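Next come the chains, spelled out residue by residue.
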Amino acid sequence: MSLSARLNAYQPQALAVLRIITALLFIEHGTMKLFAFPAAQMEGPLPPLLLVAALMEVIGGLLIAVGLFTRPVAFLLSGQMAVAYFMAHASKGFYPSLNGGELSILYCFIFLYLVFSGPGAWSVDNRSKA
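Residues numbered from 1 in each chain as written. Predicted model: local features only at pLDDT ≥ 70, side-chain atom pairs only at ≥ 80, totals over all residues. Heavy atoms only, no water.

**Q** Explain helix H6 (residues 102–117) here, please?
**A** The α-helix winds at 3.6 residues per turn, so residues separated by three or four positions along the chain end up facing the same way. Here H6 is 16 residues long and its end C-alpha atoms lie 22 Å apart, about the 22 Å a rise of 1.5 Å per residue gives. At its buried positions, H6 is contacted by helix H2 (11–35), helix H3 (48–66) and helix H4 (70–89). Positive phi shows up at Gly-118, right after H6, with a value of about 85°. (Helix = DSSP H or I, 4+ residues; strand = E, 2+ residues; numbered from the N terminus. Expected span 1.5 Å × (residues − 1). Contact = heavy atoms within 4.5 Å.)

**Q** Please explain H4 as it appears in this structure.
**A** The end-to-end C-alpha separation of H4 is 27 Å, in line with the 28 Å expected for 20 residues at 1.5 Å each. Inspection of H4 places Thr-70, Val-73, Ala-74, Leu-77, Ser-78, Gln-80, Met-81, Tyr-85 and His-89 among the buried residues, and these make up the whole buried set. Each buried residue of H4 sits inside an arc of 165° when the element is viewed along its axis, so together they form one side. Along H4, the residues that are exposed and aim more than 90 degrees away from the buried face are Phe-75, Leu-76, Phe-86 and Met-87. Summarising the contacts, the buried residues of H4 are in contact with H2, H3, helix H5 (96–99) and H6. (Buried < 20%, exposed > 50% of the residue type's maximum accessible area, 1.4 Å probe, protein only. Arc of directions from axis to C-beta.)

**Q** What am I meant to see in the side chain of His-89 here?
**A** You can see His-89 is positioned in helix H4. A residue is classified by how much of its surface remains accessible, and His-89, at 15% relative accessible area, is buried. Ignoring anything within four residues of it in the chain, the contact list for His-89 reads Ala-84, Asn-99, Gly-100, Gly-101 and Ser-104.

**Q** Can you walk me through the environment of Leu-63 in this structure?
**A** Inspection of the secondary structure puts Leu-63 in helix H3. Residues Leu-63 and Leu-18, 45 residues apart in the sequence, show an inter-C-alpha distance of 14 Å. Those residues in contact with Leu-63, other than ones at most four positions away along the chain, are Leu-68 and Val-73.

Put into structure tokens, the structure is as follows:
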């Protein structure tokens, strides 16, 4: 059996690990806004747009982590990250490494990939397929 065939056998599990780790990291952005945990992201009350973003990060991140409604939630979160990039980063310069937008772009495209790939293994969405 070729190396590619052996690696392909673990594709659903590798996708699940990508989904879960991405979601956990994404949740952290929301908890920083909502609960100042693990550190405060900003002082004072959140503007309404950031409150919505924080709720999407925590709730959407939890849904992605467990693999529930993965495709539609990933679609919404991908859009959120595209909007975040253009609202908060693009105006600071062309290069994402200089305008601070790398994470927004990376999250946007990982979530977009999940729209097309689905959740992989270990998900509520796939519990009936096991």
